[in-house]
Amino acid sequence: MVAQELLGKHVVHVVRGIERVGRIVEVEAYLGPHDRAAHSCKGLTPRTRVMFGPPGHAYVYLIYGMHHCLNVVTEPEGHGSAVLIRALEPVSNISGKTCGPGLLCKALGVDRTLNGADLLGEQLYIADVNAEDFRINRRPRIGVDYAGAWARRLLRFYIRGNAHVSSP
DNA sequence: CTCGGGATGCGT
DNA sequence: CGCATCCCGAGG
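Reading the values: rules and limits
Residues numbered from 1 in each chain as written. Chains lettered and ligands numbered in written order. Predicted model: local features only at pLDDT ≥ 70, side-chain atom pairs only at ≥ 80, totals over all residues. Heavy atoms only, no water. Near = heavy atom within 4 Å. Polar contact = N/O pair within 3.5 Å; in protein donor to acceptor, adjacent residues only side chain to side chain. Helix = DSSP H or I, 4+ residues; strand = E, 2+ residues; numbered from the N terminus. Nonpolar A, V, L, I, M, F, W, Y, C, P; charged D, E, K, R; others polar. Buried < 20%, exposed > 50% of the residue type's maximum accessible area, 1.4 Å probe, protein only. Pairing = 2+ DSSP bridges. Phe/Tyr/Trp six-rings, centres within 6.5 Å; stacked < 30°, edge-to-face > 60°. Lys NZ or Arg CZ within 6 Å of the ring centre and 35° of its normal. Core = buried A, V, L, I, M, F, W, Y, C linked by side-chain atoms within 4.5 Å. Contact = heavy atoms within 4.5 Å.

### Re the protein's contact with DNA strand C
In step 1: By nearness alone, 20 residues border DNA strand C, and H39, Y61, L84, G102 and Y146 come closest of all.
In step 2: Atoms of DNA strand C within 4 Å of the protein belong to the sugar or the phosphate in 61% of instances, the rest to bases.
In step 3: In the model, a phosphate oxygen of DNA strand C is placed 2.7 Å from a nitrogen or oxygen of the H39 side chain.
In step 4: A distance of 3.3 Å is found between a phosphate oxygen of DNA strand C and a backbone nitrogen or oxygen belonging to P101.
In step 5: The element that contributes the greatest number of residues to the surface near DNA strand C is helix α2 (residues 101-108), accounting for three residues.
In step 6: Class assignment of the residues belonging to the surface near DNA strand C gives a composition of twelve nonpolar, six polar and two charged.

Quick look at the structure:
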């Protein structure tokens, strides 16, 4: 699954020439319209347009009126799947906490103006790094209790023992 | 545990 | 149009 492959990679956001970098330590997979916890289960709407778009783009949305969440579209166009970045370990030029999806967006300076951004571009991207050895834990996703059987699926992945995971 | 906060999608 | 709901975080 693509979600685990993001663990250990770096998220880079360039702000006024400064690279803000965090190492991905926690993610959740959202599998498509059949996944009742996924935004795409509402179908193709203005909000979910990017999620149904081509892979390698950022899906950024506002939640609870005040926090942003950063996702990576992972599957081919039309599929409607994405991976939510839930926690980072600070690497460079990070100020503020990064142990949660809203917090890490704040620390990186990511907001909805980056919705749809091409992650192969220059401003916001995922950087592969030398694979440090780590083990992966799998758990149910956070905050999706409404999603019936899908709430119990083990689609949350994090680096075992990492101090920056949101709720170990 | 509570509660803020605003967009969204859906029913009317 | 109204309104319940939401992939959260801070504070008690």
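### Considering the pairing of strand β1 (residues 10-15)
Within a regular beta strand, the side chains point alternately toward one face of the sheet and then the other, so they alternate between its two faces.
In step 1: When you tally the buried positions in β1, you get five out of six residues, the bulk of the element.
In step 2: Counting the residues between successive antiparallel strands, the hairpin from β1 to strand β2 (residues 18-30) contains two residues, one of them, R16, with a positive phi of roughly 50°.
In step 3: Summarising the sheet, β1 and strand β6 (residues 124-127) pair through four bridges and their orientation is antiparallel. Across the sheet, residue H13 finds its bridge partner in β6, namely L124.

### Comments concerning the protein's contact with DNA strand B
In step 1: Lining the immediate surroundings of DNA strand B are K42, T45, P46, R47, Y64, G65, M66, H67 and R112.
In step 2: Backbone sugar and phosphate groups make up 62% of those atoms of DNA strand B lying within 4 Å of the protein.
In step 3: One nitrogen or oxygen atom from the main chain of Y64 is found 3.5 Å from a base nitrogen belonging to DNA strand B.
In step 4: In the environment of DNA strand B, a base nitrogen lies 3.4 Å from a nitrogen or oxygen atom belonging to the backbone of G65.
In step 5: Among the residues making up the surface near DNA strand B, the classes are represented as three nonpolar, three polar and three charged.

### Regarding the packing of aromatic side chains
In step 1: Applying the stated criterion across every chain, the model contains one aromatic pair.
In step 2: Look at Y59 and Y61: their rings are 5.3 Å apart centre to centre, the planes differ by 40°, and that puts the pair in the tilted class. When sorted by exposure, Y59 lands in the same class as Y61, which is buried.
In step 3: The aromatic ring of Y61 is capped on one face by R47, whose charged end is 5.5 Å from the ring centroid.

### Observations regarding the nonpolar core
In step 1: Core analysis: the biggest nonpolar cluster contains 47 residues, and I24, V27, L70, I85, V110 and L124 have the highest contact counts within it.
In step 2: In this structure I24 touches L6, L7, G8, K9, V11, I85, A87, L88, I126 and I159, once residues within four positions along its chain are discounted.

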